[in-house]
Amino acid sequence: MGTFGKDSHLHLIDGSAFIFRAYHALPPLTRKSDGLPIGAVSGFCNMLDRYVEGKTGDDAPTHIAVIFDKGSHTFRNDMYDLYKANREAMPEDLRPQMPLTRRATEAFNIACKELEGYEADDIIATLSCQARDAGGRVTIISSDKDLMQLVGNGVEMFDAMKNKRIDREGVFEKFGVYPEGVVDVQSLAGDSVDNVPGAPGIGVKTAALLINEYGSLEALLERAEEIKQPKRRQTLIDNRAQIELSKRLVALDCNTPLDFTLDDLEARQPVPETLLGFLAEMEFRTLTKRISDRFNVDAPVIADAPAAETPAAAPEFPTIAPDAYDCVRSLDDLDAWIAQAHETGWVAVDTETTGLNEMRADLVGISMAIVPGKACYIPLTHKTGNADDLFGSDELAEGQIPLQAALDRLKPLLEDPSVIKIGQNMKYDAKLLSRYGVEVAPIDDTMLMSYALHGGEHGHGMDLLAEKYLGHQTIPIKDLLGSGKSQITFDRVGIDDAVKYAAEDADVTLRLWHLFKPQLHQAKVTRVYETMERPLVPVLAKMEMSGIKVDRDTLSRMSNAFAQKMAGLEAEIHELAGASFNVGSPKQLGEILFDKMGLEGGKKGKTGAYATGADILEDLATEHELPRRVLDWRQLSKLKSTYTDALQEHINPETGRVHTSYVIAGANTGRLASTDPNLQNIPVRTEEGRRIREAFVSEPGKKLVSLDYSQIELRILAHVAGIDSLKQAFRDGEDIHAMTASEMFNVPLDQMTPEIRRQAKAINFGVIYGISGFGLARNLRIPRAEAQAFIDRYFERFPGIKTYMDDTIAFAKDNQRVETLFGRVIHTPEIAAKGPRAGFARRAAINAPIQGTAADIIRRAMIRMPDAIAKLPAKMLLQVHDELLFEVSDEAVDDLISVAKDVMEGAAHPVVHLDVPLVVDAGAGDNWAAAH
DNA sequence: CCTGTCACG
DNA sequence: GACGTACGTGACAGGG
């Protein structure tokens, strides 16, 4: 032993790869005693230990080293200054762990090597060459494709994560060429991660094809004129210098000047005291124990962490027993329940109906609960016959109180201001009962309580809440109704089954109410619930019931016109493709574009299908006529299927209007969502789409009035981040995007171009969304480095924004939540996640307080609106995040605008005094397009 | 039922 | 050196 020779086996561990794997695989652990981040070090040690221990017999190393990168500037940067310029900065909590991984390597008594100005890959290459020349074997522990050029002649790679050896065949699988061709393929294909340019439009597949055909890169470039495909030929000729540069960047250096020899890398046993000392210092309990046991020595003592807090006990309820519920079949029984509700002052209520659309469904029965465990169901319109009876019968089942008689008794209770009606999603029940002449009030809503308490943690459906907070599985509605084609409506459900299901819902709702009510105060969200959730229910119920008039003829005419245009486009597309296929199938389209027609740039997603999104087709449109036609076809298809066709189906035959339904507890940020139909995404951005808004009309003698907040999110950002220059600009009524552009690019306002302003606008929006170089680059279609430079300059000019972002993330990490200015809590359980999810969570955490504050403001305005406009002949119809749409008699348009504008502009008061004014723009017209 | 695509703020 | 990438939604069509 000692001298490296033909029986030697050198293992070279790619240290940086180990560290990053460890960092991304583990949660962000910190050292208990002082909070030092040590997750990556912990993972690194475990991987190192497991690797060394796992190698025995033929695989055991005689020589071993861990190789690290050193410094960020290497000789490759001298050749090409953009080399690896795309790399993201090292995460903050990883940086301090880098020196610790060197110490860990030394503690394991393994050689630890790095060299200024060279990448680890070059050291690995040099050592591999030396070992191979000495007749020994080499295993490179890495899965980095850049190292694959070294494989062969006794050199193999080993992917420690997948526990897979990579030999010549493995390299061929990855690159389509054997190791000696890898450099050539990489030179052509380039690498976006390392920013190796390569040849534009040529990927690994094409590159391998070319290298295999011509033998080598040099031969290929020499004989480029012979290539048949004109575009490919021109690319190779035009980019020769760039390809040759790429080759120099990609080729690893086997002559790195090293100040040590292979013999210095001889494998040594770790020294127990040294290794255990280091592990104990890091406070790795499990690993310290495992290695102590192996050495048969006592483990060093590591102080224990303080005990975790114990959660507060949940209130105790009797077991939920559906068999014990009452079925109310007589007026006397009903009166008894009503009397008890009056006496208690609250009652949980739930309605059962024939469908989910409150505007069309019929009432079937009502359930009530007043004390946990005691609940009743009042069947009202159940039909005879059962699920087996295909058509059932329209005759009422026996033993039910007549509908009207029951409602007459219930109405005084449901409208009694001194009795709280508790429901889960009360808007549904309130709307339904309103159609039967009952205006339910006052209400409490367990769904909204959960939303205020647990927004961002989970959904707020009753089944989920029962499971999570009561440990109870509710009876699934599927058990009663079935599903799919054979699904029945609730009035066909047997009354005995209905009692169990319906009364349970009321019981569960009451229990959740008892549980949540005191928690609102403890969690400091009482004001959120009381001022921004609960009072919104009747407001939305009224808007939804009002609906908006939609002109069927206008839609129908547009549908026909779209259909004609689409048919024309379809014919052209098939002609251009030389084949007939379904244009609406992304799968078929992808195959036509990339397989049949052979266009470049086909990328397959995880399902194996080519991506054919608008951005990709947009890029292809410069090369071929077909993608543009498909884009046009898609636009029309969308407009027709989602709007001009579907909206007609949503016109209520009784009212002649479209009634959307708002989801109050759907969006994590506090925004509303609109469903069935969604009236918050009616087209406006393109001329053709905008015309759909002409179908949304006012009644004769009335107008539609639209009022929308101008730049509300940017104003909120200026306020919360405390950016004086932005605040002043808003006070002065300046063009905020132009002002941003002027500040960033040093262009005077009077010399502003639309292009510069557009870029500044994209950055402003990016900031609200938790900007990233990648995202901005994609949005502006500019190189990532350029986008990053914009962001850097923006943060330089507006350092307060950067501080706000960092502070928000830090707050989210400390508290697992963020808050709006009005105290709405948005939980961020993913903020501690690792990997891509961490990025999502961080950006969502930055965005949530801004989007959420804007959502709070418009909610407050909506809640005040009914009183403010009570004396005007006007109705509030729709909300579209920053816009409210009204229908108002012609003569009152100006009054309405004046009143509603005041309400909206003053909606933050008195809870929050913004440093910037809120500005509302208004418009009026006979249709929504004209009002905008 | 899931995925891709695309409409909105 | 990597699993992915600007925030928040809902509806529709295709395809297994």
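Each chain has its residues counted from 1, following the order in which its sequence is written. Chain letters start at A and ligand numbers start at 1, both assigned in the order the entries are written. This being a predicted model, a pLDDT of at least 70 is required before a residue's local features are given, and a value of 80 or more before pairs of side-chain atoms are given or counted; all residues contribute to the totals for chains, interfaces and linings. The side-chain values count all of the structure's non-hydrogen atoms but skip hydrogen atoms and water molecules.

Student: Please give an account of the protein's contact with DNA strand B that cites residues and values.
Tutor: Close to DNA strand B lie 20 residues; Thr612, Lys638, Val684, Arg685 and Asp882 are nearest. Backbone polar atom of Ala614 to a phosphate oxygen of DNA strand B: 2.8 Å apart, as the coordinates give it. Residues adjacent in sequence count toward polar contacts only when both atoms are side-chain atoms; beyond that, a polar contact is any pair of N or O atoms within 3.5 Å, and within protein one must be able to donate a hydrogen and the other to accept it. Within the side chain of Gln851, one N or O atom sits 3.4 Å away from a base nitrogen of DNA strand B. Helical segments are the DSSP runs of H or I of at least four residues, strand segments are the runs of E of at least two, and each set is numbered from the N terminus. Residue contributions to the surface near DNA strand B peak at four residues, all from helix α26 (residues 626–649). Each residue is assigned to one class: nonpolar for Ala, Val, Leu, Ile, Met, Phe, Trp, Tyr, Cys and Pro, charged for Asp, Glu, Lys and Arg, and polar for all the others, Gly among them. Its residues assigned to classes, the surface near DNA strand B shows seven nonpolar, eight polar and five charged. If a single non-hydrogen atom of a residue is within 4 Å of a molecule or strand, that residue counts as near it.

Student: Report on the UniProt feature "domain: DNA-directed DNA polymerase family A palm" (unreviewed entry) in chain A, specifying residues and quantitative values.
Tutor: UniProt positions are given in the numbering used here, feature names are shortened, and annotations may be inferred rather than shown by experiment. This chain's UniProt record puts "domain: DNA-directed DNA polymerase family A palm" (unreviewed entry) on residues 689–892. Annotation note: span residues 689–892, helix share 57%, strand share 14%, distance between end C-alpha atoms 30 Å.

Student: Pulling in residues and values, what's your account of the sheet that holds strand β4 (residues 137–141)?
Tutor: Two strands are counted as paired when DSSP detects at least two bridges linking them. Strands sit in the order β3-β2-β1-β4-β5-β6 across an open sheet of six strands; the sheet is mixed. A strand with exactly one partner marks an edge of an open sheet, and here the two such strands are β3 (111–113) and β6 (164–166). Mean inter-strand twist for the sheet, computed between neighbouring axes without regard to direction, equals 25 degrees. Where strand β5 (residues 155–159) and β6 come together, three bridges link them in antiparallel fashion. When the bridges of β6 are listed, Asp159 appears paired with Lys164. Fitting a line to C-alpha atoms yields each axis, with helices limited to the stretch in contact; the angle taken between N-to-C directions then spans 0 to 180 degrees.

Student: Residue-level account of the domain arrangement of chain A, with values.
Tutor: Domain delimitation follows an automatic or database domain assignment. Taken domain by domain, chain A holds domain 1 (9–265), domain 2 (322–534) and domain 3 (714–849). Computed over C-alpha atoms only, the centres of domain 1 and domain 2 are separated by 63 Å.

Student: Describe the nonpolar core, and please don't skip the residues or the numbers.
Tutor: Grouped together as the largest cluster of nonpolar side chains are 194 residues, with contacts concentrated most on Met368, Ile378, Ile548, Tyr709, Ile857, Met862 and Phe886. The leading source of residues in this core is helix α20 (residues 495–522), at 14 residues. Residues from two domains meet in this core; each of domain 2 (322–534) and domain 3 (714–849) gives at least three. Note on contacts: a residue pair qualifies if any of its non-hydrogen atoms lie within 4.5 Å across the two residues. Not counting residues up to four positions away in its chain, the partners in contact with Tyr709 are Ile857, Ile858, Ala861, Asp882, Met904, Glu905, Ala907, Leu918, Val919 and Val920. Residues enter a nonpolar core if they are buried and are Ala, Val, Leu, Ile, Met, Phe, Trp, Tyr or Cys, with the set joined through side-chain atoms within 4.5 Å. Only protein chains enter the calculation, and the probe is 1.4 Å; a residue is then buried if its accessible area is under 20% of its type maximum, exposed if over 50%, and partly exposed in between. One finds Ala111, Val177, Val185 and Leu217 within the second-largest nonpolar core, a separate group that totals 46 residues.

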